[in-house]
Amino acid sequence: AAERFFTFFTDTIRNKNTRAAYYRNARRFFEWARDRGLALKEIKSFHVSAFIEELSQTHSAPSLKQNLATIRIYRTAPRLPSDRKAAPCRNSDAV
């Protein structure tokens, strides 16, 4: 999953500042999930909502939107063959 995410971001986001911001957002979300004992395949929409709600205490609306966009991009990135057996989320499960 990490390889898919990295490849997708480096191949599709040309601007290094945007790529860096999305990387920070993704890392923040994955650390948040890890700290709660969530594996990627266990993440549901209510987890994303809880993350955004927590983030709203310290971040502006544009930052929240960018964090959501990061999560959406991760979910829609093409799967690598190694990800097919353990897909992190299904379309109906999150975001």
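Refer to the structure printed above.
Everything numeric here is computed off the predicted structure, so don't read it as measured data.

J.: How should I be thinking about the packing of aromatic side chains in this particular structure?
T.: Here the distance between the centres and the angle between the planes together describe a pair of aromatic rings. The final tally for this structure, using the stated rule, is four aromatic pairs. Judged by centre distance (6.0 Å) and plane angle (55°), the rings of F29 and F30 are tilted. What makes F29 buried here is its relative accessible area of 4%. In this structure an aromatic cluster arises from ring pairing among F29, F30, W32 and F51.

J.: For this particular structure, what's the right way to read empty space enclosed by the protein?
T.: Rolled over the atoms, a probe with the dimensions of a water molecule shows which regions are left empty. Enumeration according to the criterion identifies two cavities of 30 Å³ or more in this entry. Roughly 40 Å³ of internal volume is contained in the second largest cavity. If you go around the second largest cavity, the residues you meet are A26, F29, F30, T70, I71 and Y74. Mapped by element, the contributors of at least two residues to the lining of the second largest cavity are α2 (16-35) and α4 (61-76). The residue makeup of the lining of the second largest cavity, split by class, is five nonpolar, one polar and no charged.

J.: For this particular structure, what's the right way to read the environment of H47?
T.: Among the structural elements, H47 can be located in helix α3 (residues 45-55). Overall, the relative accessible area of 13% leaves H47 in the buried class. Each C-alpha atom of the pair H47 and W32 lies 9.8 Å from the other, and the pair is 15 residues apart in sequence. With sequence-adjacent residues up to four places away left out, H47 is seen in contact with W32, L38 and E42.

J.: Explain the nonpolar core to me, please; I cannot follow it from the model alone.
T.: The nonpolar side chains of a soluble globular protein tend to be buried, and buried together. Membership of the largest hydrophobic core is limited to eleven residues, which are F29, W32, A33, L38, I43, V48, F51, I52, L55, L64 and I71. Of all elements in the fold, only α2, α3 and α4 reach the threshold of two or more residues within this core. A per-element tally of this core places α3 first, with four residues. When near neighbours in sequence (up to four residues on either side) are disregarded, L55 contacts R28, L64 and N67.

How each quantity is defined
- Residues numbered from 1 in each chain as written.
- Predicted model: local features only at pLDDT ≥ 70, side-chain atom pairs only at ≥ 80, totals over all residues.
- Heavy atoms only, no water.
- Phe/Tyr/Trp six-rings, centres within 6.5 Å; stacked < 30°, edge-to-face > 60°.
- Buried < 20%, exposed > 50% of the residue type's maximum accessible area, 1.4 Å probe, protein only.
- 1 Å grid on protein atoms, 1.4 Å probe; cavity = no way out; pocket = protein on both sides within 12 Å on 5 of 7 lines; lining within 4 Å.
- Points joined across faces, edges and corners; volume = space filled by probe spheres on them.
- Helix = DSSP H or I, 4+ residues; strand = E, 2+ residues; numbered from the N terminus.
- Nonpolar A, V, L, I, M, F, W, Y, C, P; charged D, E, K, R; others polar.
- Contact = heavy atoms within 4.5 Å.
- Core = buried A, V, L, I, M, F, W, Y, C linked by side-chain atoms within 4.5 Å.

Purely geometric stuff here, so don't read any function into it on its own.
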